[in-house]
Amino acid sequence: MGQMASMFFNKVGVNLFYLCIIVYLYGDLAIYATAVPLSLVQVTCFTGNESCGTQAGEKNDTDPCWGNIRRIDAYRIYLAVFTLFLGPFTFFNVQKTKYLQILTSLMRWIAFIIMIVMALIRIGEGKGEGTPPMTDSSGIRNLFGVCVYSFMCQHSLPSLITPVSRKKHLTGLILVDYFLVLSFYSLLCFTAIFCFSSGSLMDMYTLNFSGCSPFVPAVIGYFLGLFPVFTISTNFPIIAVTLRNNWKTLFHREGGTYPWLVDRIVFPLITLVPPIIVAFCTNHLEILVSVTGAYAGNGIQYVIPAFLVFCSRKDLTLVYGPDSSNKHRSPFRQAGWVWFVLFWALSCFIYVTANIILTDGL
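Residues numbered from 1 in each chain as written. Predicted model: local features only at pLDDT ≥ 70, side-chain atom pairs only at ≥ 80, totals over all residues. Heavy atoms only, no water.

Draft legend 1. Structural detail: the nonpolar core. Ala 33, Phe 236, Leu 243 and Trp 247 are the most contacted members of the largest nonpolar core, which totals 51 residues. Residue assignment for this core shows that the elements contributing at least two residues are α2 (11–44), α3 (71–86), α8 (218–251), α9 (260–281) and α10 (285–320). Considering each element in turn, this core owes the most residues, 18 residues, to α2. For Ala 33, the contacting residues outside a window of four places in its chain are Tyr 75, Leu 79, Phe 82, Phe 236, Ile 276 and Ala 279. Counting 16 residues, the second-largest nonpolar core is a separate cluster that includes Met 107, Ala 119, Tyr 205 and Val 216. (Core = buried A, V, L, I, M, F, W, Y, C linked by side-chain atoms within 4.5 Å. Buried < 20%, exposed > 50% of the residue type's maximum accessible area, 1.4 Å probe, protein only. Helix = DSSP H or I, 4+ residues; strand = E, 2+ residues; numbered from the N terminus. Contact = heavy atoms within 4.5 Å.)

This is the structure we're talking about:
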C-alpha cells in the first residue's frame, strides 16, 4: 500500500497515508496490550463469589484480587510483565514466523468452534439468557466503529490473490472468502445474543466462557480465557516492528541514514511507549476498538482505497487513453461506487463521534 501511495499520491498524500497507518497500528497495539492483562485478570482473579451476570473483570476494578491487591492493580502488574516480556522485540526484527502463524491460526479456529458449539448447546438446552428485543437503535452508533475495525479479514486478501496464476476466477474466490468470514461473524454474534444476557456480555467475548461460567468445563474455560494471551502475544511483536518501520519510512530521506541511537533506540521507544501508556490509563476495550476503527481504520478501509482507485484510474486514462480496457476490472468500476464509499466513511465517522460524545459526555 505504501508503494501504491507513492505512485499515485503527492508528498502530502503519502505523509497522510503513513500517519493513518501509524495511528491505526498504535490503536492495535493499545488494544492488544489491554486484552492480554484483562484475560489474565479474569482467569487468575476469580474469587468464587462473583456472578456470571456481572462484568467483574471490567466494571468492578476496585474489587480485591489477591489480598489487598485490587483487580485494577493486578491488571497493571500483568501489563508491566507483558511489556517487559514482549516490549524488547520492538528493538529487533521479527522474521520466520511461518509456523508460529500456523499455530495461531489453528488456535483461532479451535476457539471459534468451541465458543459457537458451547453457546449452541446452552441455547438448545433452553438455558440461554438472551432475550433480545425486536429493535433497539441505541447501539447503532457504536456498531459502526466496531464493524470498521472488524475489517481485518481483508488483511488476508493479498496472500490469497498473489499466489493465483490464473486470475480469471478471483471474484468468485474473494466472494467465498468473504462469505466464510461473514458466516463466522454471524454465528458468533447470534449465538452470543441468545446465549448471554446483554448485561453479562463482556467486551472481550472469550471471557464469557471462562471463570464463573458453570456450563463450560474447566479445561475449556481456561483455554478460552487464555486464548487471547497466546494469539495476541504472537502478533504484538509483528505489529510493533511494522509500526516502527512505518515511522522510519515516514521520516526517510533519499540517500540518508539514521544515527544508531535514533534507529535502534528512539524509533522503538516511540513505537512501544504510547500504546502502553494508553493501556495503563484505560482497560475499556470497547472504547479502544470503536475509536481505532472509526478513525484510523476508517481511513485505511474506506478513504485511502477510494482515493487510490480514483487516482489510479485517472493515471490509467492519461497513460493508455480513455478507451483502454482492463479484463480484470472490478464489477464496481463506475465512479459512483468511489463516492459511495467516501460517503459511507463519513457516515461511520459521524456516528462514532456522536456515540463518544453522547455516551461519555466528552
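Draft legend 2. Focus on the side chain of Thr 104. Residue position: Thr 104 is located in helix α4 (residues 98–124). Here Thr 104 falls in the buried class, since its relative accessible area comes to 2%. At 3.2 Å, the side chain of Thr 104 forms a polar contact with the side chain of Thr 234. (Polar contact = N/O pair within 3.5 Å; in protein donor to acceptor, adjacent residues only side chain to side chain.)

Draft legend 3. Structural view of the state of the cysteines. A complete count under the given rule lists one disulfide for this structure. There is a disulfide in this structure between Cys 45 and Cys 65, and the S-S distance comes to 1.7 Å. Between Cys 45 and Cys 65 the disulfide shows an S-S torsion of about -70°. By sign, it is left-handed. Residue Cys 45 is located in the loop between α2 and β1 (64–66), and its partner Cys 65 is located in strand β1; the two are separated by 20 residues in the primary sequence. (Disulfide = S-S within 2.5 Å.)

Draft legend 4. Representation of the UniProt feature "transmembrane region" (unreviewed entry) in the protein. According to UniProt, the positions carrying the feature "transmembrane region" (unreviewed entry) are residues 12–33, 75–94, 106–123, 143–161, 173–199, 219–243 and 337–358. Regarding residues 12–33, the helix share stands at 100% and the strand share at 0%, and the terminal C-alpha atoms are separated by 31 Å. (UniProt positions renumbered as here; feature names shortened; annotations may be inferred.)

Draft legend 5. The arrangement of the packing of α4 against helix α7 (residues 170–195) in detail. One way to put it is that α4 packs onto α7 with a least axis distance of 9 Å and a crossing angle of 35°. Of the two possible hands of crossing, α4 and α7 adopt the one that is left-handed. Facing α4, whose interface residues are Trp 109, Phe 112, Met 115, Ile 116, Ala 119, Leu 120, Arg 122 and Ile 123, α7 presents Phe 184, Leu 187, Leu 188, Thr 191, Phe 194 and Cys 195. Here the residues of the contact of α4 with α7 are counted per class, giving 12 nonpolar, one polar and one charged. (Axes fitted to C-alpha atoms, helices over the stretch in contact; angles between N-to-C directions. Left-handed = near helix turned anticlockwise from the far one by under 90°. Nonpolar A, V, L, I, M, F, W, Y, C, P; charged D, E, K, R; others polar.)

Draft legend 6. Region of interest: α4. Taking 1.5 Å as the rise per residue, α4 with 27 residues should run 39 Å; its terminal C-alpha atoms sit 39 Å apart, in good agreement. All of the buried residues in α4 are Thr 104, Met 107, Ala 111, Ile 114, Met 115, Ile 116, Met 118, Ala 119 and Arg 122. Contact partners of the buried residues in α4: α7 and α8. (Expected span 1.5 Å × (residues − 1).)

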